[in-house]
Amino acid sequence: MAEAKPFSISKRVVWEAWLSVKANQGAAGVDEESIARFERRLKPNLYKIWNRMSSGTYFPAPVRMVKIPKPDGRERPLGIPTVGDRVAQTVLKLYLEPLVEPCFHKDSYGYRPRKSAADAIGEARRRCWRYDWVVDLDIKGFFDNIDHALMMHAVRKHTNCSWMLLYIERWLKAPAQLKDGTLVARDKGTPQGGVASPLLANIFLHHAFDTWMAERYPCCPFERYADDVVVHCSTEAQAHFLRRQIEERLKACKLEAHPQKTQVIYCKDSNRRADDTHVSFDFLGYTFCPRPSVNRQGEFFVSFVPAISRKAAKAIVAEIRRWQIHRKSDKSLEDLSRMFNRVIRGWVNYYGRYYRSALAPVFCCLNRRLVRWAQRKYKRYRSQRRATRWLRAIARQQPALFAHWQIRAVP
């Protein structure tokens, strides 16, 4: 008779976790085992994960730490668990998420089913029309500074399942392995890159911020996407007061509001005439600021609305340059469309959702490279003017060939 396991974990859930990890792909961890290599011995690998998690003998491997550049020139640490640990974390997520999801605040948008960054931007847009002031909150090093004891306290409010609590604590304490192989103990933080980290972050901020705001300041709505937060206020005095209260609350939760990046913003438009130096803020790749608009009667006015941010635009242009389209003269225009149009469509769908006309200048870079590609590929279009005229004709005949051609961003 088979020995009973102390923890009841379904083999079916382990299989579903593997399918999710495989779909997301991702780099190898400290064991240098890729998704493809893990799959070669899939059955024994998944059995080992199930057996160890069910018996309480599962211990995560160290997290491989890499640093990715940030727009401001600094670097962001990213923790990459092994493939097996990602499967195990996904198992926990599949069990824990249904327990906590109904409890989360309606204005928490990050990493939640049926919610998106675009939804958060749309809600912020509507509220900026109704409220004159905004507190743009930036939590300094949030993922790196979450207190482990407070994190476990927050998780225990949602479950007393012993295996969930055991493995969450082990994941939080798993050491980080640097590039030179050095192991660094971690007494705080949850590494960005872990499957469970976004869910744990939402649980922490649900108690540290969302419920606190809802109880103390229900008249000040907010949008939160992970650790990116925008809070709306009716008056300047209320905004400055609330900023101080939020800073005190974060300190009580062993976090810190970034002193330079956390600001009070005035949502200036045609009906709001007060002078203020801070009239713009960035949120999820969009910049909110006063912009010229046209009403249904064709009259011009100034509205406080979002459009693609300068940082996001620069990142798109850098990616387009990296493609080196103008050097791919061995490819046809249809080949280029198959290679890049999926990414272009993703940019258009996200950044073109609000104030779409701001995207046209961004895609001028792409059109210029398509023109240079035509000049190098066809002798009859060596002239830039001829190549541009030819590409413009193609864009009008086949606007679906490249997604940005459908937003009047033609050559």
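Enquirer: Just to check I follow, could you spell out the sheet that holds strand β10 (residues 286-294) for this structure?
Expert: Through backbone hydrogen bonds, the strands of a sheet pair up, either in parallel or in antiparallel fashion. The strand order β9-β10-β11 describes an open sheet built from three strands, whose pairing is antiparallel. The sheet terminates laterally at β9 (281-283) and β11 (300-308), the two strands that pair on one side only. Neighbour to neighbour, the strand axes of the sheet diverge by 50 degrees on average, direction disregarded. Where helix α5 (residues 117-130) meets the sheet, its contacts fall on β9, β10 and β11, and the angle it forms with β11 comes to roughly 155 degrees.

Enquirer: Looking at this structure, I do not really get the pattern of salt bridges. What am I missing?
Expert: Pairing is possible between side chains of opposite charge, provided their charged atoms come close. On inspection of all chains with the given rule, the structure shows 15 salt bridges. A cluster of three or more residues bridged by salt bridges with shared partners is formed by K106, D107, E123, R126, R127 and E223.

Enquirer: Looking at this structure, I do not really get the packing of helix α11 (residues 310-323) against helix α14 (residues 364-377). What am I missing?
Expert: Pairs of packed helices are described in terms of their axes, by the angle between the two and the distance that separates them. Direction vectors running N to C along α11 and α14 enclose 15 degrees, while the axes themselves pass 9 Å from each other. In terms of orientation, α11 lies roughly parallel with respect to α14. The two elements α11 and α14 cross, and the hand of that crossing is right-handed. Contacts between α11 and α14 pair V317, I320 and R321 from the former with C365, L366 and R369 from the latter. A class-by-class count of the residues in the contact of α11 with α14 yields four nonpolar, no polar and two charged.

Enquirer: Which parts of the structure should I look at to understand the packing of aromatic side chains?
Expert: Aromatic ring pairs are defined here through the distance separating the ring centres and the angle between the ring planes. Under the criterion given, the structure shown has 29 aromatic pairs. Taking 5.6 Å as the distance between ring centres and 45 degrees as the angle between the ring planes, the aromatic pair formed by Y47 and W50 counts as tilted. Of this pair, Y47 and W50 are both found in helix α3 (residues 42-55), three residues apart, which corresponds to roughly one turn of the helix. The partly exposed category is assigned to Y47, whose relative accessible area is 45%.

Enquirer: Looking at this model, I keep getting lost on the packing of helix α7 (residues 148-156) against helix α8 (residues 162-173). Mind explaining?
Expert: Across the interface, α7 lies against α8 with an axial gap of 11 Å and an inter-helix angle of 155 degrees. Considering the angle they form, α7 stands roughly antiparallel to α8. Every pair of crossing elements has a handedness; the one defined by α7 and α8 is right-handed. Across from H148, M151, M152, V155 and R156 in α7, the residues of α8 making contact are L165, I168, E169, L172 and K173. Grouping the constituent residues of the contact of α7 with α8 by class yields six nonpolar, one polar and three charged.

Enquirer: Would you explain the pairing of strand β3 (residues 133-138) in this entry?
Expert: The side chains of a regular strand alternate between the sheet's two faces. Most of β3 sits inside the fold, with five of its six residues counted as buried. Summarising the sheet, β3 and strand β7 (residues 228-233) pair through six bridges and their orientation is antiparallel. Considered in β7, the bridge of D138 is made with D228. Both β3 and strand β8 (residues 263-266) contribute to a ladder of four bridges, which runs antiparallel. Looking at β8, one finds that V134 is bridged to I265.

What counts as what
- Residues numbered from 1 in each chain as written.
- Predicted model: local features only at pLDDT ≥ 70, side-chain atom pairs only at ≥ 80, totals over all residues.
- Heavy atoms only, no water.
- Pairing = 2+ DSSP bridges.
- Helix = DSSP H or I, 4+ residues; strand = E, 2+ residues; numbered from the N terminus.
- Axes fitted to C-alpha atoms, helices over the stretch in contact; angles between N-to-C directions.
- Contact = heavy atoms within 4.5 Å.
- Salt bridge = Lys/Arg side-chain N within 4 Å of Asp/Glu carboxyl O.
- Parallel < 35°, antiparallel > 145°, perpendicular 65-115°, else oblique.
- Left-handed = near helix turned anticlockwise from the far one by under 90°.
- Nonpolar A, V, L, I, M, F, W, Y, C, P; charged D, E, K, R; others polar.
- Phe/Tyr/Trp six-rings, centres within 6.5 Å; stacked < 30°, edge-to-face > 60°.
- Buried < 20%, exposed > 50% of the residue type's maximum accessible area, 1.4 Å probe, protein only.

Such coordinate-based values are descriptive only and should not be taken to indicate function.
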